[in-house]
Amino acid sequence: MSWLSKYLRERKRRKLEENVLSILSDTTPWDTRRAEKDFDRLQNFYPPFDSGYLYDEYSIWERCIYRSLTLLKIPGMEQTGKRVLELGCGEGFTGTLLHCYGHSVYLNDQRDRRLEKCQHLPFIQVDICDPEKTATIPGELDLIFSYNAMEHFPNPLQVFQNIVPKLKKKGHIYLHFNPLYGAPRGLHAYSIMNMPYPQFLFSEEFIFQKMKEIETTLFGEKSGQLQYVNRWLYHQYEELWKYPGLPVVFIHRHTDFSSLEVVLQYPECFRGRGLTWEDITTSGYEVLLRKE
């Protein structure tokens with residue numbers, strides 16, 4: 001790419017950011033009526049969104065093998081015999097692979113969706129946000145990890161308050177999750193809404209009505225509801241990463257600038273919400289923290 005092309009591209013990006021920030025800073029109350037009238041047009045304009053997240057056995061194997069290899073690269077995890085807890089384990093296969101490597105693994109989730117081959121591992125079926133129920137979780141853990149779960153916990157700060165005491169000194173917490181609520185696909189409504197940012201384009205009542213009209217799926221199964229999301233935004237997670245006694249080892253902020261044209265097309269849906277540029281463009285996190 002020539003210097004001129006780079007300059008023009010950067011100039012275009014800055015202009016887009018300037019226009020979007022102008023809309024976000026507008027304190028006029030938001031109004032979703034025009035977007036709701038345009039629902040069918042938007043639904044037909046955007047193709048069905050492919051999250052790439054499949055639940056067939058091969059896809060689960062492929063996904064969890066990659067995850068377990070990533071976790072084994074965390075300092076100290078190459079040595080067997082570590083005590084590990086997976087939060088929001090789902091199928092439980094990542095933890096099972098770590099167990100096969102030689103670690104002692106505990107699985108946690110509110111609902112037992114483990115594969116049959118994962119049923120032999122200790123399973124702690126508690127709400128990780130409940131301080132009384134999390135008392136049953138063992139301590140002196142070397143690693144606590146989760147994939148695509150933090151955005152679904154009602155109170156991530158309470159989760160930290162409950163699990164950090166369970167971590168031994170120099171133990172790690174590894175979190176990888178997306179999309180955040182403010183991101184283009186943050187509503188997790190892939191199965192019923194093709195357009196980006198439906199959480200801002202439409203009212204809650206309108207979304208609920210569409211859920212009744214359009215068949216939805218949850219965890220690969222037919223469902224009449226969307227998966228719960230906590231609505232935490234960028235600045236709330238950034239504060240969480242400052243948790244005392246738990247410095248960040250590394251952090252990667254995933255971004256998504258692909259759908260900002262929607263903000264320009266329906267500015268009245270995004271104004272007055274107190275949103276920031278980071279709120280609507282930060283799609284996820286990969287973060288490793290280490291207890292002092």
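Up top is the structure these notes are about.
Residues numbered from 1 in each chain as written. Predicted model: local features only at pLDDT ≥ 70, side-chain atom pairs only at ≥ 80, totals over all residues. Heavy atoms only, no water.

## Details of the sheet that holds strand S4 (residues 141-147)
At step 1: Taken together, the seven strands give an open sheet; going across it, the order is S3-S2-S1-S4-S5-S9-S8, and neighbouring strands pair in mixed fashion. The strands lining the two open edges of the sheet, one partner per strand, are strand S3 (123-124) and strand S8 (248-255).
At step 2: Where strand S5 (residues 167-177) meets strand S9 (residues 282-290), six bridges bridge the pair, whose relative direction is antiparallel. Note that in S9 the partner of Tyr174 across the bridge is Leu288.
At step 3: Where helix H4 (residues 57-71) meets the sheet, it contacts S4, S5 and S9, and its direction lies at approximately 145 degrees from that of S4.
At step 4: Contacting strand S1 (83-86), strand S2 (104-108) and S4, helix H5 (residues 93-101) crosses the sheet at an angle of about 170 degrees to S2. (Pairing = 2+ DSSP bridges. Helix = DSSP H or I, 4+ residues; strand = E, 2+ residues; numbered from the N terminus. Contact = heavy atoms within 4.5 Å. Axes fitted to C-alpha atoms, helices over the stretch in contact; angles between N-to-C directions.)

## A few points about empty space enclosed by the protein
At step 1: Tallied over the full model, the rule gives one cavity of 30 Å³ or more.
At step 2: Of the voids in this model, the largest cavity is the one considered here, and its volume is about 30 Å³.
At step 3: Across the lining of the largest cavity, the residue classes tally to six nonpolar, one polar and one charged. (1 Å grid on protein atoms, 1.4 Å probe; cavity = no way out; pocket = protein on both sides within 12 Å on 5 of 7 lines; lining within 4 Å. Points joined across faces, edges and corners; volume = space filled by probe spheres on them. Nonpolar A, V, L, I, M, F, W, Y, C, P; charged D, E, K, R; others polar.)

## Some thoughts on the pattern of salt bridges
At step 1: Evaluation of the coordinates by the stated rule reveals 14 salt bridges.
At step 2: Where Arg13 meets Glu10, a salt bridge forms, and the shortest distance between an N and an O atom there is 2.9 Å. A residue pair is termed a helical-turn pair when its members lie 3 or 4 positions apart in one helix, as Arg13 and Glu10 do in helix H1 (residues 3-24) at three residues.
At step 3: Its relative accessible area of 27% is what places Glu10 among the partly exposed residues. (Salt bridge = Lys/Arg side-chain N within 4 Å of Asp/Glu carboxyl O. Buried < 20%, exposed > 50% of the residue type's maximum accessible area, 1.4 Å probe, protein only.)

## Observations concerning the layout of surface pockets
At step 1: Roughly 520 Å³ of internal volume is contained in the second largest pocket.
At step 2: For the lining of the second largest pocket, the elements supplying multiple residues, two or more each, are helix H7 (198-201) and helix H8 (204-213).
At step 3: When the residues that make up the lining of the second largest pocket are grouped by side-chain class, the tally is 13 nonpolar, five polar and four charged.

## Quick look at the packing of aromatic side chains
At step 1: Taken as a whole and assessed by the stated rule, the structure comprises 23 aromatic pairs.
At step 2: For the pair Phe39 and Phe206, a centre-to-centre distance of 5.6 Å together with 65 degrees between the ring planes defines the contact as edge-to-face. Placement of the pair is Phe39 in helix H3 (residues 39-45) and Phe206 in helix H8, with a sequence separation of 167 residues. Of the two residues, Phe39 and Phe206, both sit in the buried class.
At step 3: On the numbers, 6.0 Å between centres and 80 degrees between planes, the contact of Tyr181 with Phe200 is edge-to-face. With Tyr181 in the loop between S5 and H7 and Phe200 in helix H7, this residue pair connects regions lying 19 residues apart in the sequence. Assigned by exposure class, Tyr181 and Phe200 land together as buried.
At step 4: In this structure an aromatic cluster arises from ring pairing among Phe160, Phe177, Trp232, Tyr237, Trp241, Tyr243 and Tyr285.
At step 5: Stacked on the ring of Tyr55, the Lys or Arg Arg63 has its end atom at 5.9 Å from the ring centre.
At step 6: Cation over ring: Lys117 sits above Phe93, and NZ or CZ is 5.9 Å from the ring centre. (Phe/Tyr/Trp six-rings, centres within 6.5 Å; stacked < 30°, edge-to-face > 60°. Lys NZ or Arg CZ within 6 Å of the ring centre and 35° of its normal.)

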